[in-house]
Amino acid sequence: MLNVYLDDFDLIRVESNRENEKFLIWNKETVVELSKLREYKMDMTTVYEFKPHFPIDLSKEYFVYNQFGEKAILKSRNIVRTKRFDEEFYYEGPLGCEYTQKETTFRVWAPTSSDMLLKLMNPTRTTKHTFRMERMSCGVYSVTVQGDFDGWSYMYIVKNQGEWKETVDPYALASKVNSTESYVIDKKKVRLVDEVFPIDELPMIDAIIYETHVRDFSIHKDFPFRHKGKFLAYMEEGLQSKDGKKIGIDYIKELGVTHLQFLPVFDFSSVTEFDFDESYNWGYDPEQYNVVEGRYSTYPDDPYCRIIELKQTLAYLRANNIGSIMDVVYNHVFKRDTFSFEKLVPGYFYRFDDENNYIDGTGCGNDIASERKMVRKFIIDSLVYWMTEFKFNGFRFDLMGILDIQTMNEILETLRKINPNVYIYGEGWNMPTGLLESDRTTQENAYLTPEIGFFNSFFRDIVKGSTFNVYERGLAMGNLHFLGAVHDVFTASIHTCYGSPKQSINYVSCHDNHTLYDRMRIACSEGEVRPFQKLALAMTVLSQGVPFLHAGCEFSRTKQLHENSYNLPDEINYLDWSLLSSEEELWFFVRDLIHIRKMHKAFRLDTKEDILNHVVVNHDGHMIHYHMNHVQYLGGYDFYMVIFNITNYEHELPLEGMWEILTAGEEIQRCEDILKVQPYEVKILAKNR
Ligand code: CA
């Protein structure tokens with residue numbers, strides 16, 4: 001056994017099962033003896049350290065011999081993770097392929113590779129060309145090919161550590177079915193007429209976000225979607241359930257949410273694109289970051305189709321005043337060893353510990369090293385692409401706590417230059433990744449990313465009860481022990497965690513864990529489930545901060561008590577629109593709350609100061625009293641009061657002055673002296689002085 005690694009610009013480590021060896025290094029031109037710095041044992045292995053007497057050229061191959069004639073190629077290892085490597089090889093310019101009718105240029109970053117070929121194939125696969133790529137500065141390989149290569153597929157063949165490997169382009173924008181080849185496309189052909197952001201785009205605090213999965217939305221066999229499980233289903237108007245209820249996008253419009261947050265729509269790899277009926281996955285398994293997932297297009301093997309269909313869908317939503325948010329997963333990849341970036345620059349894309357083991361804070365086998373300069377650039381370039389081409393209004397970052405704060409702040413800064421109103425938020429969980437805790441984009445560090453939002457787990461666990469103890473009842477399940485936390489719940493955790501209400505994404509359920517309905521079925525009796533859902537959803541929609549709703553939570557969506565449905569069949573995951581009939585009372589209630597939130601700015605205060613100045617939250621041991629005082633300057637009433645009765649008893653509340661009971665309808669009811677609040681009831685009142 002003989003392995004030789006380049007661990008720094010001036011450090012070669014040899015690992016061998018012999019002892020007291022001598023080594024020569026040879027680069028096909030000269031032979032030099034290596035002079036030893038140290039030799040030590042690690043378990044059964046002997047480790048030798050050498051400082052080479054000449055600069056190692058990363059574009060060349062070196063071989064190391066011992067006195068027994070055994071030979072090994074010098075492999076770049078820790079060197080790619082040194083600061084100097086990042087500084088010397090950082091490349092600012094464009095990567096990927098750049099098409100014109102006359103010629104196409106390909107650029108790929110691979111500083112440790114000694115050779116690179118480009119393979120081009122025509123659409124009918126009758127012609128193949130191979131071109132040698134030229135090494136430029138910063139370790140970029142490039143070639144410009146004369147002719148029109150629109151619709152041709154291409155691959156890079158890279159030589160690293162003495163081995164040839166074929167890979168797709170990490171910067172590819174189009175792909176063959178199942179991610180097997182990259183495609184050259186003409187970006188002009190995917191340009192739509194409507195490619196502007198809506199002028200009256202909402203500030204984030206005014207958003208009401210609804211989380212949707214493309215397949216779940218329309219795959220149920222009982223409903224008349226023509227494009228079941230496809231992007232295009234979001235454009236199908238006039239659909240009804242058997243008993244005549246509006247479903248699909250017509251329903252979403254009536255519900256009144258402002259933004260759809262899509263579970264992954266970039267290319268993921270866990271399920272085939274050939275057989276649409278085979279298996280299911282949410283899609284948190286990235287394969288090609290800048291390619292649209294093929295499963296959701298009507299022709300997955302057409303490189304253009306999926307791009308155009310997603311663009312059309314988002315443009316349709318925009319035209320109907322519904323924004324879109326993309327769920328992005330820059331924390332891990334699905335196939336660590338065969339991911340394109342890894343084949344091109346082995347060991348650069350992930351985090352490693354001091355013993356060269358992969359760090360696995362994500363639990364997915366790898367953590368992406370966002371702090372490395374070319375990884376950071378890759379992430380930012382990718383987001384810029386999705387934003388400029390597809391006009392996403394914002395991005396939801398999966399396991400954002402894995403990403404470093406500098407990267408997140410640079411993302412924000414870059415995207416704001418394109419759209420000053422971009423929404424950036426994510427899961428700020430603190431996980432053991434290879435970053436100092438102070439560098440992680442976590443809820444605890446929210447003050448370091450004041451313009452970035454977080455899924456508010458405090459809100460979630462107080463309102464619904466612990467996510468990890470499913471029998472615990474939250475505030476919305478009548479748990480009076482949590483009354484002490486009401487202030488935090490309704491004020492966007494500004495006293496405990498966040499610097500502004502828009503940092504707080506208020507939610508009680510999402511694609512992860514039980515649906516709200518299932519969680520309540522586990523922890524509560526049957527008769528309690530509906531009133532408790534109402535309490536939980538009213539707290540979500542009316543609290544300060546940004547409300548987030550898991551699709552169907554407002555009509556008792558069930559996953560049959562499954563807690564983690566990421567790869568379970570459609571029958572568990574799909575939306576069953578027939579529930580709109582049986583759960584009409586519940587979703588009407590949520591629709592009306594959404595309407596009230598949108599009508600009255602007092603529920604959407606912009607700053608921490610506004611909350612400190614105007615919001616008072618307290619309780620009387622049975623009911624929560626949530627007040628907004630002296631807010632007439634916002635254009636509505638001067639005083640608002642929301643009462644949540646979280647007990648099973650009717651309570652009376654003495655009132656000062658004449659209040660109006662707010663409803664979504666026209667009819668105004670007035671109330672003075674005494675307010676009667678029914679068990680588990682929510683009353684929304686307002687008055688002027
Ligand atoms: Ca795929």
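Each chain carries its own residue numbering, running from 1 in the direction its sequence is written. Under the rules for a predicted model, residues below a pLDDT of 70 receive no local features and side-chain atom pairs below 80 are neither given nor counted, while totals for whole chains, interfaces and linings still include all residues. With hydrogens and water stripped out, all remaining heavy atoms of the structure feed into the side-chain values.

### Considering the overall build of the chain
Okay, so step 1: Looking only at helices and strands, the chain has 15 helices and 33 strands in total.
Okay, so step 2: It is over C-alpha atoms that the radius of gyration is taken, and the globule rule equals 2.2 Å times the number of residues to the power 0.38. Scaling as 2.2 N^0.38, a compact globule of 689 residues should have a C-alpha radius of gyration of about 26 Å, and the chain matches this with 29 Å.
Okay, so step 3: Each principal axis of the C-alpha distribution contributes one length, and for the chain these read about 100 × 55 × 45 Å.
Okay, so step 4: Sorting the 689 residues of the chain into buried and exposed places 62% on the buried side.
Okay, so step 5: At a minimum sequence separation of 6, the contacts of the chain that also span at least 24 residues come to 69%.
Okay, so step 6: Accessible surface area values rest on a Shrake-Rupley calculation with a 1.4 Å probe, where residue burial reflects the displayed protein chains alone. Accessible surface, the chain: about 26,800 Å² in total, of which carbon and sulfur atoms supply 49%.
Okay, so step 7: Within the chain, the 103 negative side-chain charges are centred at a point lying 4 Å from the centre of the 76 positive side-chain charges. For the purposes of this entry, the term helix denotes a DSSP run of H or I that reaches at least four residues, the term strand denotes a run of E that reaches at least two, and both are numbered from the N terminus. Each residue's exposure class comes from its accessible area (1.4 Å probe, protein chains only) as a fraction of the maximum for that residue type: buried when under 20%, exposed when over 50%, partly exposed otherwise. Any two residues whose heavy atoms approach within 4.5 Å at even a single point are treated as in contact. Just so you know, the count uses Lys and Arg for positive and Asp and Glu for negative, and it drops His and the chain ends. By convention, the point assigned to a charge is CZ for Arg, NZ for Lys, CD for Glu and CG for Asp.

### Structural notes on the nonpolar core
Okay, so step 1: Trp109, Trp386, Phe395, Phe397 and Phe644 are the most contacted members of the largest nonpolar core, which totals 190 residues.
Okay, so step 2: The element contributing the most residues to this core is helix H6 (residues 373-390), with 10 residues.
Okay, so step 3: Other than its neighbours up to four places away in sequence, Phe644 contacts Phe490, Leu535, Ala538, Met539, His622, Met623, Ile624, Tyr626, Glu681 and Val682. To form a nonpolar core, buried Ala, Val, Leu, Ile, Met, Phe, Trp, Tyr and Cys residues must be joined to one another through side-chain atoms within 4.5 Å.

### Some remarks on the sheet that holds strand E8 (residues 71-76)
Okay, so step 1: Two strands are counted as paired when DSSP detects at least two bridges linking them. Taken together, the eight strands give an open sheet; going across it, the order is E4-E3-E7-E8-E1-E2-E6-E5, and neighbouring strands pair in mixed fashion. Both edges of this open sheet fall to strand E4 (31-33) and strand E5 (36-42), since each of them pairs with a single strand only. Each neighbouring strand pair of the sheet contributes to a mean axis angle of 25°, computed without reference to strand direction. In this analysis, axes come from line fits to C-alpha atoms, helices being fitted only over the stretch in contact, and the angle between any two N-to-C directions falls in the range 0 to 180 degrees.

### Considering the packing of aromatic side chains
Okay, so step 1: The pairing test for Phe, Tyr and Trp rings, Trp by its six-membered ring, is centres within 6.5 Å, and the orientation test on the planes gives stacked under 30 degrees, edge-to-face over 60, and tilted for anything in between. Tallied over the full model, the rule gives 58 aromatic pairs.
Okay, so step 2: Seen in terms of ring centroids, Tyr330 and Phe397 are 6.3 Å apart; in terms of plane orientation they differ by 45°. Their pairing is tilted. Placement of the pair is Tyr330 in the loop between strand E22 (323-328) and helix H5 (340-344) and Phe397 in strand E23 (residues 394-397), with a sequence separation of 67 residues. Phe397 carries the same exposure label as Tyr330, and that label is buried.

### Let's talk about the pattern of salt bridges
Okay, so step 1: By salt bridge we mean one thing: a side-chain nitrogen of Lys or Arg within 4 Å of a carboxyl oxygen of Asp or Glu. Scanning the model with the defined rule gives 52 salt bridges in all.
Okay, so step 2: The partner of Lys377 in a salt bridge is Asp381, and the shortest N-O contact between them spans 3.1 Å. In this pair, Lys377 and Asp381 both sit in helix H6, four residues apart, roughly one turn of the helix.
Okay, so step 3: A relative accessible area of 8% means that Lys377 is categorised as buried.
Okay, so step 4: A relative accessible area of 27% means that Asp381 is categorised as partly exposed.
Okay, so step 5: A salt bridge links Arg530 to Glu583; the nearest nitrogen and oxygen atoms lie 2.7 Å apart. Residue Arg530 is located in helix H11 (residues 526-542), and its partner Glu583 is located in the loop between helix H13 (579-582) and helix H14 (584-599); the two are separated by 53 residues in the primary sequence.
Okay, so step 6: With relative accessibility at 9%, the residue Glu583 sits in the buried group.

### Overview of unusual backbone geometry
Okay, so step 1: Here His630, not a glycine, exhibits a phi torsion of approximately 55°, which is positive.
Okay, so step 2: In this fold, His630 is placed in the loop between strand E29 (623-628) and strand E30 (639-645).
Okay, so step 3: Taking relative accessible area as the criterion, His630 reaches 43% and is therefore assigned partly exposed.
Okay, so step 4: Phi at Tyr680 takes a positive value of approximately 55°, unusual for a residue other than glycine.
Okay, so step 5: Note that Tyr680 resides in the loop between strand E32 (669-677) and strand E33 (682-687).

### Focus: the environment of Glu681
Okay, so step 1: Positionally, Glu681 belongs in the loop between E32 and E33.
Okay, so step 2: C-alpha of Glu681 to C-alpha of Tyr649: the two residues are 32 residues apart in sequence and 9.8 Å apart in space.
Okay, so step 3: Reaching out from Glu681, the side chain makes a polar contact with the backbone nitrogen of Gln678 at a distance of 2.7 Å. Any pair of nitrogen or oxygen atoms within 3.5 Å is treated as a polar contact; in protein, a donor-acceptor pairing is required on top of that, and neighbouring residues in sequence qualify only through side-chain atoms on both sides.

### Some thoughts on the pairing of strand E16 (residues 163-167)
Okay, so step 1: For strand E15 (residues 153-160) and E16, the ladder comprises five bridges, and the chain directions are antiparallel. Bridged to Ile157 within E16 is Glu166.
Okay, so step 2: The loop that links E15 with its antiparallel partner E16 comprises two residues; one of these, Gln161, has a positive phi angle of about 55°.

### Quick look at helix H3 (residues 248-255)
Okay, so step 1: Along H3, six of the eight residues are buried, which leaves the element largely enclosed by surrounding structure.
Okay, so step 2: Of the positions making up H3, those classed as buried are Gly248, Ile249, Asp250, Tyr251, Ile252 and Leu255.
Okay, so step 3: Residues of H3 that are buried in the fold lie against strand E18 (209-212), helix H2 (214-218), strand E19 (259-262), helix H4 (305-319), H13 and H14.
Okay, so step 4: One or two steps after H3, the chain reaches Gly256, where phi turns positive at roughly 95°.

### As for the packing of H4 against H6
Okay, so step 1: Their axes nearest at 10 Å, the elements H4 and H6 cross at an angle of 60°. Contacts from Ile307, Leu310, Lys311, Leu314 and Arg318 in H4 reach Trp386, Glu389 and Phe390 in H6.
Okay, so step 2: All amino acids are sorted into three groups, where Ala, Val, Leu, Ile, Met, Phe, Trp, Tyr, Cys and Pro are nonpolar, Asp, Glu, Lys and Arg are charged, and the leftover types, Gly among them, are polar. The residue makeup of the contact of H4 with H6, split by class, is five nonpolar, no polar and three charged.

Remember, this is a structural readout, not a statement about activity or role.
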